[in-house]
Amino acid sequence: MSFVSKIVGMFLPYVVAAFIGASRLRAVLKMLPCHFIVEELQKKFQTTFSGKSDLPLHMLVDLGTGFIAVTMLCDRLTTAAGIEKLRQMLNLPRHVRISSAGLKDRWAWTSQLIVIPYKDMEKLKQILARQGTFEEAMRRHGVFFKDPHSVKGHLGKGHLEGNRFTIKVVVEGAPKDVLQNYMQAAMEKARSMKNTTALVNVAQAMNLAEGDILVPNAYGNQRKGARQNLDKIGELLVNFGAEAAFKEFLLATTSNEGHRARDLRREMAKEWNEAEESIADQRRLALESGDSAEIERTSKLEVIKMRMHLQGMLEVLEKPDRFANNRPNYEVCNMVYEWKLVKAMFVHLDYETVLRDPEVKDDVSLWFGAYQGYFFNQLQAKTITGDLHLETMLKETDDALDSIVDGMTDPRIDKKKLKANIRERNLRMMEVPLFSCEPVAMWFYQRFMPEAVPTQIDPLVRELFMCAGGNHKGPWRPPYVVPKGLEWNCEDGEVNFRFTLRSGAYATTFLGSLFNLVEAKKDKGQNKKKKFYGNRR
């Protein structure tokens, strides 16, 4: 497969990271898990990383809807790993969907809402009561569930208001007064940025208060996943479809995960390669025999149909680790997503059916999301350097909007409503589209960033991920956001922050504009849970 990637250079360009100033102090992030706390903000209440209830009294009534939401608290667990622990607690089969409004930081303390289809509220409360106290559950399992309450249905994109962050960055050796002066100067410069020629109209459109600051809403490197390669996996998905992307996702090794996980991927690679060799042998024999029926049969063979080798990959992931209380390899090595994907492949034996599986589809959408995020960041970088001008791009889009929408042939489209929606909700707020196959987004990227447009697009991927919004305009994103409720204070060698960002915005992008951030070396194991739960500062 000859392929030249269009994803080159930094996912988060330097000019975006250094938006407030190029001269930034070096600071260490996530020195301890309690130094990075993410608490999901829902429309009706703020979740907290604590054993106390967050629910308003009126939400305690059991409405009998058949859907129950609980707040999930995780210590250095992925959202998928936390959900899997709840599935095991409730003994729910694999086909039962447990939903969330988004993923949280793998190396932080996090709280977020998840929803399960479950009818018996009292039974659920009894099961959750067996967890013990918040402190006990977190030390033993790294996860705690609280606040069960009735909801109308599953969570998904658009159901999240934002996240509240409580973060400590460590600036080793810096006295308090030095950090105080540094922060005051940085904040003053940040506040002045909204008055620059490039951003004054953005600030007016967002109706900013005097003390508010504008920061780039670029995607952080977390968007690329734990192994920092989801953007390139997304590119393979778009260009070549499921098999190429699945292979890269399951088998590619990087230095961003532990040696045991890399060993598991090498073991799975043996099974995958043997499946490919078996397919090649069968095709060769069919051609040599000249049997047209056999030639046609072997031409349709795919790795996903080689059940014996999929079984081998499952056995690699599910094998008990005797050094981790016989927990399965996939859980010990934080490979829950990989296990879910291989399991779905083994069950369905068909790529389209796997991609349409709601649980797999949500995970795979992150790969395309990373691809979108890469080109959004490159677009933002060009607006900062002056190669592109935000107002000019939006003015040209507004001018072209009538002809783009009028050219749509779907009779179900309310063209007048669609035009008004884009003009009022997006262009007026100075938002830009993320790349998709929706006509306005496609026109925008062909005009202003043609390198984002693939030379070929897999038809099924186009249908499921690139034209799947149903609103015919695709997702849009504001290039700049405001950290709400921003508070900060300095200690010797440390700066403490608390602020809230709208959904989809990254705290590390904001903090990275203030400091030259590096992340502390992470413990790749799951067994060393520190006893910090009583003191969040």
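A short tour of the structure in this document, coming up. All figures in this text were calculated on a predicted structure; none of them were measured in a lab.

### Brief notes about the overall build of the protein
Scanning the protein from N- to C-terminus turns up 20 helices and 16 strands. The principal-axis extent of the C-alpha atoms belonging to the protein is close to 80 × 60 × 50 Å. Here the protein holds 537 residues, and the buried ones make up 55% of them. Long-range pairs, those at least 24 residues apart, make up 76% of the contacts in the protein between residues at least 6 apart in sequence. When the accessible surface of the protein is totalled, it reaches about 24700 Å², and 51% of it is carbon and sulfur. Considering the protein, the positive charge centre built from 78 side chains and the negative charge centre built from 67 side chains are found 4 Å apart.

### Looking at the packing of aromatic side chains
Ring pairs (aromatic) are described by centroid distance and by the angle formed between their planes. Inspection of every chain in the model, using the stated rule, returns 25 aromatic pairs. The interplanar angle of 65° and the centroid separation of 6.1 Å between the aromatic rings of Y371 and F435 together place this pair among those described as edge-to-face. Highlighted residues: Y371 in helix 15 (residues 358–385) and F435 in the loop between strand 11 (432–433) and helix 18 (439–448), separated in sequence by 64 residues. You'll find Y371 and F435 in the same group, each marked buried. Put simply, the rings of F11, F368, Y371, Y374, F375, F435, W443, F444, Y445 and F448 pair up and form one aromatic cluster. Above the face of the F346 ring, R307 is positioned so that its terminal group lies 4.2 Å from the ring centre. Here the guanidinium or amino end of R477 rests over the ring plane of Y219, the centre of that ring lying 3.8 Å away.

### Describing the side chain of N229
In this structure, N229 sits in the loop between strand 8 (215–216) and helix 7 (230–240). Those residues in contact with N229 that lie beyond four places of it in its chain are K224, A252 and T254.

### Brief notes about the packing of helix 16 (residues 390–406) against helix 17 (residues 415–427)
The geometry of helix 16 relative to helix 17 is characterised by a closest axis approach of 10 Å and an angle of 165° between their N-to-C directions. Between helix 16 and helix 17, the crossing angle belongs to the class labelled roughly antiparallel. Every pair of crossing elements has a handedness; the one defined by helix 16 and helix 17 is right-handed. Contacts between helix 16 and helix 17 involve L394, T397, D398, L401, D402, V405 and D406 on the former and, on the latter, K415, L418, K419, I422, R423 and L427. Along the lines of polarity and charge, the residues of the contact of helix 16 with helix 17 split into 6 nonpolar, 1 polar and 6 charged.

### Side note on unusual backbone geometry
Phi is positive for K30, close to 60°, though the residue is something other than glycine. Mapped onto the elements, K30 comes out in the loop between strand 1 (25–29) and strand 2 (36–41). The phi torsion at Q228 lies on the positive side, around 60°, for a residue other than glycine. Within the secondary structure layout, Q228 lies in the loop between strand 8 and helix 7. Given a relative accessible area of 27%, Q228 falls into the partly exposed group.

### Quick look at the pairing of strand 1
In this sheet, strand 16 (residues 515–519) lies alongside strand 1 in parallel orientation, the contact comprising 5 bridges. Note that in strand 16 the partner of A27 across the bridge is L517. Relative to strand 7 (residues 162–170), strand 1 is paired through 2 bridges, and the arrangement is antiparallel. Each residue of the ladder has a partner; that of L29, found in strand 7, is V169.

About the cut-offs
- Residue numbers here run from 1 along each chain, matching the order of that chain's written sequence.
- Note on the predicted model: pLDDT of at least 70 is required for a residue's local features to be given, and 80 or more for side-chain atom pairs to be given and counted; whole-chain, interface and lining totals, by contrast, use all residues.
- Side-chain calculation: all heavy atoms of the structure are included, whereas hydrogens and water are not.
- Here a strand is any run of E in DSSP of at least two residues, a helix any run of H or I of at least four, and the numbering for each starts at the N terminus.
- Per-residue accessibility, obtained with a 1.4 Å probe over protein chains only, is compared with the maximum for each type, and a residue is labelled buried under 20%, exposed over 50%, and partly exposed between these values.
- Two residues qualify as a contact provided that any one of their heavy atoms is within 4.5 Å of a heavy atom in the partner residue.
- All accessible areas in this document rest on Shrake-Rupley with a 1.4 Å probe, and a residue is counted as covered only by the protein chains that are shown.
- Two residue types count as positive, namely Lys and Arg, and two as negative, namely Asp and Glu; His and chain ends fall outside the count.
- Charged side chains are reduced to one point each, which is NZ for Lys, CZ for Arg, CG for Asp and CD for Glu.
- Working definition: a ring pair exists when centres of Phe, Tyr or Trp rings (six-membered ring for Trp) sit within 6.5 Å. Plane angles under 30 degrees give stacked, over 60 give edge-to-face, the rest tilted.
- To sit over a ring, a charge needs its Lys NZ or Arg CZ within 6 Å of the ring centre and within 35 degrees of the ring normal.
- Axes here mean lines fitted to C-alpha atoms, for a helix over just the part in contact, with angles spanning 0 to 180 degrees between N-to-C directions.
- Here roughly perpendicular refers to angles of 65 to 115 degrees, roughly parallel to angles under 35, roughly antiparallel to angles over 145, and oblique to all remaining angles.
- By definition, turning the near helix anticlockwise from the far helix through less than a right angle yields a left-handed crossing, and turning it clockwise yields a right-handed one.
- All amino acids are sorted into three groups, where Ala, Val, Leu, Ile, Met, Phe, Trp, Tyr, Cys and Pro are nonpolar, Asp, Glu, Lys and Arg are charged, and the leftover types, Gly among them, are polar.
- Any two strands with at least two DSSP bridges between them are considered paired.

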